[in-house]
Amino acid sequence: MDARSLEYLPDGCFDLIVDKGLSDALLCSPQNLIDLKSSISEFHRVLKPDGVLLVVSHGVPATRMTHLTGKGTTWGVEFKKVAKGGGGHEGEGFYYFYICRKPKV
């Protein structure tokens, strides 16, 4: 199913959605901002109240928070910076975990 249009899924049917790299990939598409906004909007729609969207990304908060907190979403977003494993090599960068929690009704 296309994450930009989850038309066969009812509103509020998931407790948790994990996005590992999808948002990063959509930002590389020709219609990047439209595609990302559509998927974020659909994720928000299909999450239950108090549900969580967990986004695992290479993107730093300065480049991701605006998209995650955009018009049409009502969730709170926090993020955690986690060092990449890399077989013991230091300085190989970070992953960013964005935790988007839809408010309780």
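Residues numbered from 1 in each chain as written. Predicted model: local features only at pLDDT ≥ 70, side-chain atom pairs only at ≥ 80, totals over all residues. Heavy atoms only, no water.

Asker: I tried to follow helix H3 (residues 61-68) on my own but got confused; where do I start?
Answerer: Since the α-helix advances by 3.6 residues per turn, residues separated by three or four positions end up pointing in the same direction. All buried positions along H3 are accounted for by Pro61, Arg64 and Leu68. Along the long axis of H3, the arc covered by the buried residues comes to 80 degrees, so they all point the same way. The exposed set on the far side of H3, more than 90 degrees from its buried face, consists of Ala62 and Thr66. The inward-facing, buried residues of H3 contact helix H1 (22-26), helix H2 (32-46), strand S2 (47-57), strand S3 (76-83) and strand S4 (94-101). (Buried < 20%, exposed > 50% of the residue type's maximum accessible area, 1.4 Å probe, protein only. Helix = DSSP H or I, 4+ residues; strand = E, 2+ residues; numbered from the N terminus. Arc of directions from axis to C-beta. Contact = heavy atoms within 4.5 Å.)

Asker: Any chance you could explain empty space enclosed by the protein here in plain terms?
Answerer: Scanning the entire structure with this criterion turns up one cavity of 30 Å³ or more. Its boundaries defined by the atoms lining it, the largest cavity holds a volume of some 50 Å³. Residue contributions to the lining of the largest cavity peak at three residues, all from H3. A per-class count over the lining of the largest cavity returns four nonpolar, three polar and one charged. (1 Å grid on protein atoms, 1.4 Å probe; cavity = no way out; pocket = protein on both sides within 12 Å on 5 of 7 lines; lining within 4 Å. Points joined across faces, edges and corners; volume = space filled by probe spheres on them. Nonpolar A, V, L, I, M, F, W, Y, C, P; charged D, E, K, R; others polar.)

Asker: Please explain the sheet that holds S2 as it appears in this structure.
Answerer: Sheet strands line up and pair through hydrogen bonds in the backbone, either parallel or antiparallel. With respect to topology, four strands assemble into an open sheet ordered S1-S2-S4-S3, the strand pairing being mixed. For this open sheet the edge positions go to strand S1 (14-20) and S3, each flanked by a neighbour on one side alone. Strand-to-strand, the axes of this sheet are offset by a mean angle of 15 degrees, without reference to chain direction. Of the pairings in the sheet, the one linking S1 to S2 comprises six bridges and is parallel in character. (Pairing = 2+ DSSP bridges. Axes fitted to C-alpha atoms, helices over the stretch in contact; angles between N-to-C directions.)

Asker: How do you make sense of the side chain of threonine 73 when you look at a structure like this?
Answerer: With respect to the helices and strands, the residue threonine 73 is situated in the loop between H3 and S3. Taking relative accessible area as the criterion, threonine 73 reaches 16% and is therefore assigned buried. At a separation of 2.8 Å, a polar atom in the side chain of threonine 73 contacts the main-chain carbonyl oxygen of glycine 70. Those residues within four positions of threonine 73 in sequence are excluded, and the remaining contacts are Ile40, His44 and Leu68. (Polar contact = N/O pair within 3.5 Å; in protein donor to acceptor, adjacent residues only side chain to side chain.)

Asker: Explain the packing of aromatic side chains to me, please; I cannot follow it from the model alone.
Answerer: Working definition: an aromatic ring pair is given by the centre-to-centre distance plus the angle between the planes. If you walk through the whole model with that rule in mind, you get one aromatic pair. Seen from their ring centres, phenylalanine 79 and tyrosine 98 are 6.0 Å apart, and the 45 degrees between their planes marks the pair as tilted. In this pair, phenylalanine 79 sits in strand S3 while tyrosine 98 sits in strand S4, placing the two residues 19 residues apart along the sequence. Taking the relative accessible area as the measure of exposure, phenylalanine 79 reaches 39% and is therefore partly exposed. Among the residues examined, tyrosine 98 registers a relative accessible area of 0% and is labelled buried. (Phe/Tyr/Trp six-rings, centres within 6.5 Å; stacked < 30°, edge-to-face > 60°.)

Asker: Which parts of the structure should I look at to understand the pairing of S4?
Answerer: Across six bridges, S2 lies against S4 in antiparallel orientation. Paired with valine 55 across the two strands is tyrosine 98, which belongs to S4.

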